[in-house]
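Close look at the chain arrangement
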Amino acid sequence: MSETGNRLRKQLESPNFDPQNYVKQLSQQSDGDRDLQEHRQKIQNLADETAQNLKKNVYKNYRQFIETAKEISYLESEMYQLSHILTEQKSIMESITQALLSTDKDETSKEMQAAFPKETEEVKQRTLTSLLEKVEGVKNIMDTPGRHLIYNGDLAEFDVDNMSPIQKVHAFLMNDCLLIATWLPNRRGTVKYKYNALYDLESFAVVNVKDNPPMKDMFKILMFPDSRIFQAENSKVKKEWLEILDETKKNKVSKDRHKKEEEVPTSPVRAEVSTNPFDMDDDEGTVDGEESVNLSLEWIQELPEDLDVCIAQRDFEGAVDLLDKLNEYLRDQPVTPKVKELRGKVDERVRQLTEVLVFELSPDRSLRGGPKATRRAVSQLIRLGQSTKACELFLKNRAAAVQTAIRQLRIEGATLLYIHKLCNIFFTSLLETAKEFQMDFAGNTGCYSAFVVWSRSAMRMFVDAFSKQVFDSKESLSTAAECVKVAKEHCQQLTEIGLDLTFTLQSLLVKDIKAALQSYKDIIIEATKHRNSEEMWRRMNLMTPEALAKLKDEMRSCGINFEQYTGDDCWVNLSYTVVAFTKQMMSFLEEGLKLYFPELHMVLLESLREIILVAVQHVDYSLRCEQDPEKKAFVMQNASFLHDTVLPVVERRFEESVGKPAKQLQDLRKSTRPVRINPESTTSVV
C-alpha cells in the first residue's frame, strides 16, 4: 500500500475521527470534481482491501472455529458424564449412610414401641379408620389385624407412554400395602374419594424419575408387567414419599423375617418321638444342610461393598461377574435365613446397577458413538436376565439416533442430492443397527420380532422426511422417479442381512406416488388441450439439420421409428402438436415405469389411457370438421402415426417392464382404428 493510502487508513482508524468535519475539510481543500473522484477512489480501494483481508482472516481461522466448536461439544459431553458420575456417587454415599443409620432407627423404633405399644397402634388405626371413611368401596380394608396408616397425600397421575396428565389421586401408605383412590367429581357427604387399586408392598418397586422440565417431582411404581407414574406437589413432598416408601418396605421385610425366625423354634406342632433310625438321619441332614452354607468367606462378606464400588466406578462387567460368582456358589445350597438376608442386600445393588445401565441406554445420553456404544450396557443387562428391557432400550436409543441424524441433515437446493444423503444416512444406520442387534441378541430369538416392528416404525420416519422433500415440494415426476429409485436401491442393501423392507417402503410411498402420477397426468392433459386449441395442421419445420438429428435421437431412444416421417431437408411430415404430445407421453411412460410396483398398475394404465384419449379425440374431431382434402390427408397421416407407431411402442414397453399385457391400451387401440380417406369424400371416421 502507498504512503498516501497508509496515511488515509490511519486517519480513518483514529478514535477521534469525525466524518462530518472530514468531509467539510475535504470539500474546502479540493479544487474540483476530479480531486473528489480521486479521493473517492482511494477510499473505495481501501474498503476493498479491508474486505479482502477480512475474508482471508475468516478462511484462515475457519478450521479453528470448527475445531473449537468440536472441543466445546466434547467438553460438554465429558462434563455431563462427570456430573452423572458425581450424582451416582452421591446417591451411593447416601444409601450407605442410610444403611448405617437403619440399625439405630430400628432399635429406637423398638424402644418406642415397647414404651407405648397399644397407644401408638390404637391412634394409627383410629386415624386410618377416620380417613378411610372418606373413601368409597374400602369396607374390608380394616379386616387385617395390625394394619395402620403411615403416610398419605395428594398426587397427580400421568400416562406412562406420552406423559400426559390422567387424573388426581390420593395415596394412603399403610404398614403392609399402598392404597390408591381417585377424587370423586360429585361428592356425597363426607365421601371424597373412590377406591382405585390396592398394592402389597412386596409386589411393587419404587423408582425415582429424573426431572425433565416441565415434567418434574415424579416417581414411578413398577408392578410387573405394568407401571404407574405419579407427580408430587413439590420436590420436598416427593423426597418424603420416596424415603417413607423405602423405609416402610424395609420395615415390612424386617418384620416378616423376624416373625419367621420366631416361629421356627416355637412351632405349635410338636414332633412325635420316633424309633425309626431313618427319620433321625433326615432331621440331622436338614440341620447339617443349613449349617453347611458357609457365608463367612471373605469375598461373600465384602460382596455388597464390592458391588457398590463397581457401580460407582462404572465397572459394570465386574459387578455382573461378582453376581454370577455368587449365584454359582449358592446354586445347590439350601435357602436359610442368612442366605435370604444376603439375597436382600444383593438385590438392592442389582436394582441400582439396573438403573445405571438403563440410564446408559437412554436417548438423553450422547448418540455419537453409534450402535457399538450401547453394546456394553446391553450385554450386561442381558447377563442380568433382562433381555426384554435391554432390547426395548436399545431400539429406543437407535430410534433417537436416527431421528437426530435426519433432523441434522442440511436441506440442499438440489432435491436428488439431499435424497442421496438422506438414504445414505438412514439405511447405513439401519444396517449397522441390525448387525449390532444380531451380535448382541444372538441367543434371544424372541427379541427379533421387536426389531422387525422397530424397523417398520423407523422406515415410517424415513418416508415422512422423504415425502416432505420430494412430493410436498412439488418436484417434477422425473426427479421423484430418480429419488424413489435411489431409495429402492438402498433398501435392497438390507437383504444381505436377511431384512427385506421393500414392501414396507412401497406401501408407505404408494399414496404420494399415486398423487404425483395423477397430478402430472393432469398437467400433460392440460398442455395437450392447450396445444390442440392452437392446432393449424401444418408440417413441422425444425430449421436446422442439427435440430432434426436431435429429434431423431430422442424418438429413437423412445423406441419409435421416425425415419419414414422425415426427408432430406429439415421438414417433418407430422404436426408439431402430435410430436410434442408423443415426446411428453413417452417421458411420462418411462418415469411411471421407474415408479411402478403392483399397487400402481391400474393407476398407471388409466393415466396413460386418459392421456392418449385426449390426443385421439382431437384427431377424430379434426377429421370430422376439416374440409380441405390436403389437410384432411395430413391429419390422417398423424392419426396413422399415433395408431400404428406410437401406441404399439407404448404397449410393448409397458409389457416388457411390467411383465403383464396392457389390456386397456390394446382395447383403446382397437376401438380407435383409423379408416382410409377417400380424397373426394368430405367425411371420415377414427
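Residues numbered from 1 in each chain as written. Predicted model: local features only at pLDDT ≥ 70, side-chain atom pairs only at ≥ 80, totals over all residues. Heavy atoms only, no water.

Looking at an unreviewed UniProt entry, one finds the protein chain named Exocyst complex component 8 and attributed to Haplochromis burtoni. As stated in UniProt under Function (unreviewed entry), the record for the protein chain gives "Component of the exocyst complex involved in the docking of exocytic vesicles with fusion sites on the plasma membrane." Its UniProt record, at the heading Sequence similarities (unreviewed entry), says of the protein chain: "Belongs to the EXO84 family." (UniProt positions renumbered as here; feature names shortened; annotations may be inferred.)

**Some thoughts on the overall build of the protein chain**
A tally of helices and strands in the protein chain yields 21 helices and 10 strands. Burial statistics for the protein chain: of 686 residues in total, 37% are counted as buried. The contacts of the protein chain with a sequence gap of at least 6 include a subset with a gap of at least 24, amounting to 66%. (Helix = DSSP H or I, 4+ residues; strand = E, 2+ residues; numbered from the N terminus. Buried < 20%, exposed > 50% of the residue type's maximum accessible area, 1.4 Å probe, protein only. Contact = heavy atoms within 4.5 Å.)

**Concerning the side chain of Asn638**
With respect to the element layout, Asn638 can be found in helix H20 (residues 629-658). Relative accessible area serves as the criterion here: at 0%, Asn638 is assigned to the buried category. Engagement of the side chain of Asn638 in a polar contact is seen with the backbone nitrogen of Ser575, the distance being 2.8 Å. Those residues in contact with Asn638, other than ones at most four positions away along the chain, are Trp537, Leu574, Ser575 and Val578. (Polar contact = N/O pair within 3.5 Å; in protein donor to acceptor, adjacent residues only side chain to side chain.)

**A closer look at the packing of aromatic side chains**
The relative placement of two aromatic rings is captured by the distance of their centres and the angle of their planes. Under the definition given, this model contains 22 aromatic pairs. Measuring from centroid to centroid gives 6.4 Å for Tyr596 and Phe654, while their planes differ by 80°, and the two rings are edge-to-face. Here Tyr596 is found in the loop between helix H18 (576-594) and helix H19 (601-625), whereas its partner Phe654 is found in helix H20, with 58 residues between them in sequence. Assigned by exposure class, Tyr596 and Phe654 land together as buried. By way of ring pairs, the aromatic residues Phe394, Phe437, Phe441, Tyr448, Phe451 and Trp454 are connected into one cluster. (Phe/Tyr/Trp six-rings, centres within 6.5 Å; stacked < 30°, edge-to-face > 60°.)

**Focus: the pairing of strand E8 (residues 226-231)**
As paired strands, strand E2 (residues 149-158) and E8 are joined by three bridges and run antiparallel to one another. Across the sheet, Ala156 pairs through a bridge with Gln231, a residue of E8. Bridge analysis of strand E7 (residues 218-223) against E8 gives six bridges, and the strand direction is antiparallel. In the strand pairing of E8, Met218 is matched with Gln231. (Pairing = 2+ DSSP bridges.)

**Quick look at the nonpolar core**
Judged by nonpolar contacts, the single largest core of 124 residues is most densely connected at Phe462 and Phe466. Broken down by element, the residue count for this core peaks at 12 residues, all from H20. Here this core spans two domains, and each of domain 3 (298-491) and domain 4 (510-672) adds at least three residues to it. Other than its neighbours up to four places away in sequence, Phe462 contacts Leu422, Cys423, Phe426, Phe427, Ala487 and Leu505. Ranked by size, the runner-up nonpolar core spans 20 residues in total, among them Leu155, Leu173, Phe219 and Leu245. (Core = buried A, V, L, I, M, F, W, Y, C linked by side-chain atoms within 4.5 Å. Domains from an automatic or database assignment.)

**Thoughts on unusual backbone geometry**
For Met163, which is not glycine, the phi torsion reads 55° and is therefore positive. For Met163, the location among the structural elements is in the loop between E2 and strand E3 (165-174). For Met163, a relative accessible area of 21% corresponds to the partly exposed category. Phi at Asp217 is positive, roughly 60°, even though this residue is not glycine.

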